[in-house]
Amino acid sequence: MKNRLRVLRAEREWSQGDLGERTGVSRQTINALETGKYDPSLPLAFKIAAVFGKRIEEIFEPGDE
Amino acid sequence: MSGPNNPGTHTATWWHAALMIRGQTDVDQRNIRSVWIWCFVGGVGSSAVMSVFKSFPQLQGPFAWVLAVISVALCFPAVIACVRFIREADEFMRKVQLEGLAIGFATGFIFCIGYHALEHLGAPRLPIVFAVVPLGVGWAVGSFIVAFRHR
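Residue numbers run consecutively from 1 along every chain, following the written order of its sequence. Written order decides the labels, with chains lettered from A and ligands numbered from 1. Only residues with pLDDT of at least 70 are given local features in this predicted model, and only at 80 or more are side-chain atom pairs given and counted; all residues enter the totals for whole chains, interfaces and linings. The basis for the side-chain values is all heavy atoms of the structure; hydrogens and waters are excluded.

Draft legend 1. Summary view of the overall build of chain B. A tally of regular secondary structure across chain B gives 6 helices and 0 strands. Listing each helix as α and each strand as β along chain B from the N terminus yields α-α-α-α-α-α. The buried share among the 151 residues of chain B stands at 31%. When contacts within chain B are restricted to residue pairs at least 6 apart in sequence, long-range pairs at least 24 apart make up 64% of them. Comment: elements are numbered from the N terminus, with helices defined as DSSP H or I runs of at least four residues and strands as E runs of at least two. Burial here depends on accessible area, computed with a 1.4 Å probe over protein chains only, as a share of the maximum for the residue type. Under 20% is buried, over 50% is exposed, and the range in between is partly exposed. Pairs of residues are marked as contacts when any of their non-hydrogen atoms sit within 4.5 Å.

Dropping the structure here:
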């Protein structure tokens, strides 16, 4: 799954730790999401979408697999 | 949630995640603390009971059984704490720990089966509790491998 986390985070000048704090997960989780090594659970995806004020599909999209 | 009281969140690296020493959410920190405390209690309880049994080999009957049951019962809160930790863990932490535990379990299982065959070929007999070593080492190495892969 692809995502725009890094771009959205950069626009707000948040660090990975900042986003982790706002979504209640660790910095490592955010890093794993941004590098595409991990797909978030549905509750986390909703939290991330809420933090950015966007819909899930505006942040996450299916990958090539 | 992490916050000002948890300054390590921003600088924690993959090996901090593997060692579970820095960068966890507050929930993870609390649950990890609980796991260590109950593991300590269980370990001390089991060691104390084994010391009593070794010091008083004549100890038999209901009292000895009560002691044995108590030593086992003291380990159950650690199991509950571990399950709670995994259930409530941060998503990345859960992935690291579950894959680490899977590697540890597989390593311990293969060691037990494999070494049993080696014993028939003349390898020294090991006590059953020795299975804890490959399980623990496998879990630790597995956690490092998984955390490193997702660094």
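Draft legend 2. Layout of helix α4 (residues 42-52) of chain A. Looking at α4(A), one finds that the buried residues are Leu44(A), Ala45(A), Ile48(A), Ala49(A) and Phe52(A). Burial along α4(A) is one-sided: seen end-on, the buried residues are contained in an arc of 140 degrees. Opposite the buried face of α4(A), by more than 90 degrees, sit the exposed residues Leu42(A), Pro43(A), Phe46(A) and Ala50(A). Summarising the contacts, the buried residues of α4(A) are in contact with α1 (5-11), α2 (16-23), α3 (27-34), α5 (56-59) and β2 (60-61) of chain A together with α5 (91-120) of chain B. Looking one or two places after α4(A), you find Gly53(A), whose phi comes out positive at around 65 degrees. This arc is built from the directions going out from the helix axis to the C-beta atoms.

Draft legend 3. Focus on the nonpolar core. Among the buried residues, those of types Ala, Val, Leu, Ile, Met, Phe, Trp, Tyr and Cys that are joined through side-chain atoms within 4.5 Å form a nonpolar core. Core analysis: the biggest nonpolar cluster contains 21 residues, and Leu5(A), Leu19(A), Leu33(A), Ile48(A), Phe52(A), Ile59(A) and Phe60(A) have the highest contact counts within it. Mapped onto this core, the elements with two or more residues apiece are α1, α3, α4 and α5 of chain A together with α5 and α6 (132-149) of chain B. A per-element tally of this core places α4(A) first, with 5 residues. Sequence-distant contacts of Leu19(A), defined by excluding residues within four places in its chain, comprise Leu5(A), Arg9(A), Trp14(A), Ile30(A), Val51(A) and Phe52(A).

Draft legend 4. Layout of the packing of helix α2 (residues 26-55) of chain B against helix α4 (residues 76-88) of chain B. All names here are of chain B. Convention adopted: a line fitted to C-alpha atoms gives each axis, helices being fitted over their contacting stretch, and angles between N-to-C directions are expressed from 0 to 180 degrees. For the pair α2 and α4, the least separation of the axes is 8 Å and the interaxial angle reads 165 degrees. Judged on the interaxial angle alone, α4 and α2 are roughly antiparallel. At the point where α2 passes α4, the crossing takes the left-handed sense. Within the contact between the two elements, α2 uses Val27, Asp28, Arg30, Asn31, Ile32, Ser34, Val35, Trp38 and Cys39 and α4 uses Pro77, Ala78, Ala81, Cys82, Arg84, Phe85 and Glu88. Grouping the constituent residues of the contact of α2 with α4 by class yields 10 nonpolar, 2 polar and 4 charged. To sort the angles, those under 35 degrees are grouped as roughly parallel, those over 145 as roughly antiparallel, those from 65 to 115 as roughly perpendicular, and the leftovers as oblique. Crossing handedness is read from the near helix: turned anticlockwise from the far helix by less than a right angle, it gives a left-handed crossing, and turned clockwise, a right-handed one. Gly falls in the polar group here, along with every residue not listed as nonpolar (Ala, Val, Leu, Ile, Met, Phe, Trp, Tyr, Cys, Pro) or charged (Asp, Glu, Lys, Arg).

Draft legend 5. Fine view of the packing of aromatic side chains. Residues and elements named next belong to chain B. To pair, rings of Phe, Tyr and Trp, with the six-membered ring standing in for Trp, must have centres within 6.5 Å; the planes then decide the type, stacked if under 30 degrees apart, edge-to-face if over 60, and tilted in the middle. What the rule picks out here adds up to 4 aromatic pairs over all chains. An angle of 20 degrees between the planes, with centres 6.3 Å apart, marks the rings of Phe105 and Phe109 as stacked. Placement of both Phe105 and Phe109 in helix α5 is noted, with a separation of 4 residues, approximately one turn of the helix. Looking at Phe105, the relative accessible area reads 56%, which means it is exposed.

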